[in-house]
Amino acid sequence: MSTPLDFSYETRPARVVFRPGASVTATPGEVARLGLHRVLVVCGSRGEATARAVADALGGDCVGVHAEALMHVPVEVADRAVEVARELGADGCVAVGGGSAIGLGKAIALRTGLPLVAVPSTYAGSEMTSVWGLTEHGAKRTGRNLAVLPRSVVYDPELTLGLPVPLSVTSGINALAHAAEALYAPDASPLVSLMAEEGVRAMAAALPRVAAAPGDLDARGRALYGAWLCGACLGATTMGLHHKLCHVLGGTFGLPHAATHTVVLPYVLAYNASAAPGALTALSRALGTDDVPRALRELAATLGAPQSLAELGLKEADLTVAAAQTAAQSYPNPREVTANGVLGLLTAAYEGWDPRSEPSP
Ligand code: NAD
């Protein structure tokens, strides 16, 4: 007998425009729809040329380009950006780039209430969530606030043509992680689960094509479509052990965001599998496999992604600390999270063992 349906579902007030070339052809219209005439464009230093093209398209409706976004939004960087927005009399913000640039746009929106338009250039998914993050004294604080949810998201596959293959692969698997955890989230619901399954299917099919031909606009479009769906799942549900563990590994040990998600995901899914059979079935369908953790690890390996936390620079002595920190926090997860359990899966991920094998002999 199946379990009776029991869920809540809330649509978020976000608008999405998806089209090759949209960063320059659609952003001005999105800004105009919001009645904005003095937007500040924010980006990271590497994304400045792209952001300037967007600013040029905005013409007189853009008051400046602030190219100072950094990973995990250090609080001083946010303070400075808010100051610049105020000095220039900005009435809105357009964030162009990956999760770091969009994170800076969110920090401005959080402090000033200015509306945000996001033009993402990676698959991280921040543009679809009301989650903000700020880093101070080495610790990252996060929270949810509808004020930071972009009013409009402009997806332009052409922007992602230059995303290097290694980052495309890890960023894509980072997106898969959002969908995977949405499938077993306590606030999962049927529509979000459909988006999760389709997001995984689209992204997993697109990544090998992107790796083989990074300039293939159709493959890039399919990957970005998957990223949108996976990002929407992230925005709609509460994440579990995987995201918490990656947050600890990134925040406390400075491991790179997308690569850490890529290494850890198969091990967390192996850990949670017995407690989340429905999620694993959906992932099996999407990936066309009966062994989800192994298939994900093979996907990453075939596409040249890192295979172990040791490769990412974690030290063996860090494992116990990371396990204790992860187990000490409270968050929903289908299987009970214990320090020993996390240590087992972390050890396997550190060594790069087969995710189905027992973590220690
Ligand atoms: P990122 O924005 O730091 O980008 C990674 C690197 O790729 C940067 O050097 C950037 O300049 C470069 N890059 C970005 N787009 C490019 C392109 N198209 N071509 C060439 N280079 C490009 O990293 P990310 O993985 O996109 O985002 C990670 C950050 O976002 C983390 O801080 C994470 O915590 C945050 N995040 C937040 C949420 C949320 O809901 N708040 C969701 C996901 C991620």
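Rules behind the numbers
Residues numbered from 1 in each chain as written. Predicted model: local features only at pLDDT ≥ 70, side-chain atom pairs only at ≥ 80, totals over all residues. Heavy atoms only, no water. Helix = DSSP H or I, 4+ residues; strand = E, 2+ residues; numbered from the N terminus. Rg over C-alpha atoms; globule rule 2.2 N^0.38 Å. Contact = heavy atoms within 4.5 Å. Areas by Shrake-Rupley, 256 points an atom, 1.4 Å probe, with all protein chains shown as cover. Lys, Arg positive; Asp, Glu negative; His and termini not counted. Charge placed at Lys NZ, Arg CZ, Asp CG, Glu CD. Axes fitted to C-alpha atoms, helices over the stretch in contact; angles between N-to-C directions. Parallel < 35°, antiparallel > 145°, perpendicular 65-115°, else oblique. Left-handed = near helix turned anticlockwise from the far one by under 90°. Nonpolar A, V, L, I, M, F, W, Y, C, P; charged D, E, K, R; others polar. Core = buried A, V, L, I, M, F, W, Y, C linked by side-chain atoms within 4.5 Å. Buried < 20%, exposed > 50% of the residue type's maximum accessible area, 1.4 Å probe, protein only. Near = heavy atom within 4 Å. Polar contact = N/O pair within 3.5 Å; in protein donor to acceptor, adjacent residues only side chain to side chain. Phe/Tyr/Trp six-rings, centres within 6.5 Å; stacked < 30°, edge-to-face > 60°. Lys NZ or Arg CZ within 6 Å of the ring centre and 35° of its normal. Salt bridge = Lys/Arg side-chain N within 4 Å of Asp/Glu carboxyl O. Pairing = 2+ DSSP bridges. 1 Å grid on protein atoms, 1.4 Å probe; cavity = no way out; pocket = protein on both sides within 12 Å on 5 of 7 lines; lining within 4 Å. Points joined across faces, edges and corners; volume = space filled by probe spheres on them.

1. Quick notes on the overall build of the protein chain
So, point 1. Summing up its helical and strand segments, the protein chain has 14 helices and 8 strands in all.
So, point 2. Taken against the 2.2 N^0.38 rule, which gives 21 Å for 361 residues, the C-alpha radius of gyration of the protein chain at 20 Å falls within 12% of a compact globule.
So, point 3. Structurally, the protein chain occupies a C-alpha span of about 65 × 40 × 40 Å along its principal axes.
So, point 4. For the protein chain, restricting intrachain contacts to residue pairs at least 6 apart in sequence, the fraction spanning at least 24 positions comes to 75%.
So, point 5. Counting every atom, the protein chain has about 14,700 Å² of accessible surface; 54% of that belongs to carbon and sulfur.
So, point 6. Of the side-chain charges in the protein chain, 26 are positive and 32 negative, and the distance between the mean point of each set is 3 Å.

2. Focus: the packing of helix α10 (residues 257-272) against helix α14 (residues 339-351)
So, point 1. Put simply, α10 and α14 touch, their axes get as near as 9 Å, and they point 140 degrees apart. Of the possible angle classes, the one that applies to α10 and α14 is oblique. Two packed elements cross with a definite hand, and for α10 against α14 that hand is right-handed. Counting all contacts with α10, which are made through V263, Y267, V268 and Y271, the residues of α14 involved are G341, L345, A348 and A349.
So, point 2. Its residues placed into classes, the contact of α10 with α14 shows 7 nonpolar, 1 polar and no charged.

3. Regarding the nonpolar core
It is characteristic of soluble globular proteins that their nonpolar side chains tend to be buried jointly.
So, point 1. Among the nonpolar cores identified, the biggest contains 72 residues, and L241, L245, L249, L309 and L346 are the most heavily contacted of them.
So, point 2. For this core, the leading source of residues is helix α6 (residues 165-183), giving 9 residues.
So, point 3. When sequence neighbours within four positions are dropped, the list of residues in contact with L241 reads E181, V268, Y271, T326, Y331, P332, N333, V337, V342 and L345.
So, point 4. Grouped together as the second largest cluster of nonpolar side chains are 25 residues, V77, A90, C93 and L134 included.

4. Here we look at the environment of A339
So, point 1. Relative to the elements of secondary structure, A339 occurs in helix α14.
So, point 2. Considering only alpha carbons, one finds A339 and L110, 229 residues apart in sequence, at a separation of 35 Å.
So, point 3. Not counting residues within four places of it along the chain, the set of residues in contact with A339 comprises A323 and A327.

5. Focus: the site of the ligand
So, point 1. By nearness alone, 21 residues border the ligand, and S100, S121, T122, T129 and K140 come closest of all.
So, point 2. Within the side chain of T129, an N or O atom sits 2.6 Å from an oxygen atom of the ligand.
So, point 3. The separation between a nitrogen atom of the ligand and a polar main-chain atom of V131 is 2.9 Å.
So, point 4. Taking 860 Å² as the accessible area of the ligand by itself, protein coverage stands at 82%.
So, point 5. With 3 residues, the top contributor of residues to the shell around the ligand is helix α5 (residues 99-112).
So, point 6. Within the shell around the ligand, the residues separate by chemical class into 8 nonpolar, 10 polar and 3 charged.

6. Quick word on the packing of aromatic side chains
So, point 1. Following the criterion strictly, the structure yields 2 aromatic pairs and no others.
So, point 2. Ring centres of F18 and Y155 lie 5.7 Å apart, and the angle between their planes is 35 degrees; on these two criteria the pair is classed as tilted. A residue pair is termed long-range when its members are at least 10 positions apart, and F18 in strand β1 (residues 15-18) and Y155 in strand β8 (residues 152-155) qualify at 137 residues.
So, point 3. A relative accessible area of 33% means that F18 is categorised as partly exposed.
So, point 4. When the ring of Y225 is compared with that of W228, the centres are 6.2 Å apart and the planes differ by 55 degrees; the resulting orientation is tilted. Here W228 and Y225 lie together in helix α8 (residues 217-236), a separation of 3 residues that amounts to about one turn.
So, point 5. Of note, R335 hangs over the ring of Y271, and the distance from its end group to the ring centre comes to 3.9 Å.

7. A closer look at the pattern of salt bridges
So, point 1. If you walk through the whole model with that rule in mind, you get 13 salt bridges.
So, point 2. A salt bridge links E197 to R285, with the shortest nitrogen-to-oxygen separation between them at 2.8 Å. With E197 in helix α7 (residues 190-212) and R285 in helix α11 (residues 277-287), this pair connects stretches of sequence that are 88 residues apart.
So, point 3. Taking the shortest distance from any N to any O, the salt bridge between R209 and D218 comes out at 2.9 Å.
So, point 4. You can call D218 partly exposed: its relative accessible area is 47%.
So, point 5. What emerges from the salt-bridge pattern is a single network uniting E197, E198, R201 and R285.

8. Observations regarding the sheet that holds strand β3 (residues 62-69)
So, point 1. Strand order in the open sheet made by the 6 strands is β1-β8-β5-β4-β2-β3, with parallel pairing throughout. Unpaired on one side and paired on the other, β1 and β3 mark the two borders of the sheet. Across the sheet, the axes of successive neighbouring strands diverge by a mean angle of 20 degrees, strand direction being ignored.
So, point 2. Where helix α4 (residues 75-87) meets the sheet, it contacts β2 (39-44) and β3, and its direction lies at approximately 170 degrees from that of β3.
So, point 3. Taken strand by strand, α5 contacts β2, β3, β4 (92-97) and β5 (116-120), and its axis lies near 165 degrees from that of β4.

9. Some words on empty space enclosed by the protein
So, point 1. For the structure shown, the criterion picks out 1 cavity of 30 Å³ or more.
So, point 2. Considering only enclosed or pocket space, the largest cavity measures out at about 30 Å³ in volume.
So, point 3. Along its surface, the largest cavity is lined by T262, V263, P266, R297, A300, P306 and Q307.
So, point 4. Only α10 and α12 (292-302) provide two or more residues apiece to the lining of the largest cavity.
So, point 5. Sort the elements by how many residues they give to the lining of the largest cavity and α10 lands first, with 3 residues.
So, point 6. Per-class residue counts for the lining of the largest cavity are 4 nonpolar, 2 polar and 1 charged.

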